[in-house]
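Descriptive structure summary
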Amino acid sequence: MAGLPGAARARSASPGSPAALDGSFLLSPLGGLMCAQAVLGLLVWSLIAATTYHLHAAYGWVMFVSLFFWILTLLFLVIYLLQLHQKFYMVPWPLVLMICNAVATVLYITAFVTCAAAVQPTSWRQWDYNRRAAASFFACVTMITYGVSTFFSFRAWKGLGSNAATSQVSDHA
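Note that the coordinates shown come from a computational prediction; the quantities given were computed from them, not determined experimentally. (Residues numbered from 1 in each chain as written. Predicted model: local features only at pLDDT ≥ 70, side-chain atom pairs only at ≥ 80, totals over all residues. Heavy atoms only, no water.)

**Overview of helix α4 (residues 57-81)**
Along its 25 residues, α4 runs 36 Å from first to last C-alpha, staying within 8% of the 36 Å computed at 1.5 Å per residue. Just downstream of α4, Gln83 is the residue with a positive phi angle, here 60°. (Helix = DSSP H or I, 4+ residues; strand = E, 2+ residues; numbered from the N terminus. Expected span 1.5 Å × (residues − 1).)

Right under this line is the structure:
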């Protein structure tokens with residue numbers, strides 16, 4: 001019984017054991033998308049931060065959305081990488097992740113439209129135009145990744161894509 005992989009995973013997820021790094025999460029669709037969201041979100045807010053965004057109120061909204069969800073995505077990435085979601089099994093993590101991704105998708109739609117509408121090609125600083133246009137593009141790509149993550153989070157929440165045997169092993173110990 002000790003040689004079963006499920007038994008070892010169940011033991012490592014007990015509340016008293018130290019956090020273990022789950023590298024296989026990065027290879028999953030949700031893990032890969034979270035990494036992409038972290039990189040793309042970093043690009044969006046750093047490109048906006050490199051401009052004179054404080055002169056335009058629209059870019060304050062884009063900064064808020066991109067920075068807020070970048071930090072939240074990094075937080076979820078650390079939670080799932082360290083398997084802390086198994087230690088706090090009373091929280092419905094798939095539902096929380098799905099709601100977060102859905103809200104991020106909707107707010108990134110507004111941030112993308114705001115950012116794209118506020119880009120003015122007649123800007124007196126050419127590098128501001130280039131950075132804002134690039135931020136608009138990356139906001140669109142980030143919005144798409146959050147939308148795809150919402151789909152995969154919904155599947156994880158509903159239990160689609162797994163069978164009863166694998167869902168029993170990954171439940172709380």
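**Brief notes about the nonpolar core**
Phe25, Met34, Ile48, Phe69, Phe76, Tyr80 and Tyr108 are the most contacted members of the largest nonpolar core, which totals 32 residues. Looking at this core, the element that brings in the most residues is α4, giving eleven residues. Residues contacting Phe69, with those up to four places away along its chain left out, are Cys100, Val103, Ala104, Leu107, Tyr108 and Tyr146. (Core = buried A, V, L, I, M, F, W, Y, C linked by side-chain atoms within 4.5 Å. Buried < 20%, exposed > 50% of the residue type's maximum accessible area, 1.4 Å probe, protein only. Contact = heavy atoms within 4.5 Å.)

**Looking at unusual backbone geometry**
Although it is not a glycine, Gln83 sits at a positive phi angle of roughly 60°. Looking at the element boundaries, Gln83 is found in the loop between α4 and α5 (84-87). Using a relative accessible area of 13% as the deciding quantity, one classes Gln83 as buried.

**Overview of a nonpolar patch on the surface**
A cluster of nonpolar side chains, namely Trp61, Phe64 and Phe68, defines an oily patch on the protein surface of about 300 Å² accessible area. Relative to the elements of secondary structure, Phe68 occurs in helix α4. The exposure class assigned to Phe68 is partly exposed, which follows from its relative accessible area of 40%. (Patch = residues over 30% accessible without salt bridge, like charges linked within 9 Å, V, L, I, M, F, W, Y side chains within 5 Å. Areas by Shrake-Rupley, 256 points an atom, 1.4 Å probe, with all protein chains shown as cover. Salt bridge = Lys/Arg side-chain N within 4 Å of Asp/Glu carboxyl O.)

**As for the side chain of Arg132**
Counting through the fold element by element, Arg132 comes out in helix α7 (residues 126-158). Sequence-distant contacts of Arg132, defined by excluding residues within four places in its chain, comprise Thr51, Thr52, Tyr53, His56, Tyr59, Cys115 and Val119.

**Here we look at the environment of Leu30**
Within the secondary structure layout, Leu30 lies in helix α3 (residues 29-49). Look at Leu30 and you get buried, because its relative accessible area is 16%. A C-alpha to C-alpha distance of 9.9 Å links Leu30 and Thr145, two positions 115 residues apart in sequence. Contact partners of Leu30, with chain neighbours within four places excluded, come to Phe25, Leu97, Ser149, Phe152 and Ser153.

**Here's the deal with α3**
With 21 residues, α3 extends 30 Å from end C-alpha to end C-alpha; this agrees with the ideal 30 Å at 1.5 Å per step. Those residues of α3 that fall on the buried side of the exposure criterion are Leu30, Gly31, Leu33, Met34, Gln37, Ala38, Leu40, Gly41, Val44, Trp45, Leu47 and Ile48.

**What to know about the confidence of the model for the protein chain**
The pLDDT averaged across the protein chain works out to 82; a share of 79% of its residues lies at or above 70. When pLDDT is averaged over each element of the protein chain, helix α6 (residues 93-118) comes out on top at 94 and helix α1 (residues 5-12) at the bottom at 41. (pLDDT = per-residue confidence, 0-100.)

**A word on the packing of aromatic side chains**
If you walk through the whole model with that rule in mind, you get eleven aromatic pairs. Judged by centre distance (5.5 Å) and plane angle (20°), the ring pair of Tyr108 and Tyr146 falls under stacked. With Tyr108 in helix α6 and Tyr146 in helix α7, this pair connects stretches of sequence that are 38 residues apart. Judged by relative accessible area, Tyr108 falls into the buried class, the value being 0%. Taken together, Trp61, Phe64, Phe68, Phe69, Tyr108 and Tyr146 form an aromatic cluster joined through their ring pairs. (Phe/Tyr/Trp six-rings, centres within 6.5 Å; stacked < 30°, edge-to-face > 60°.)

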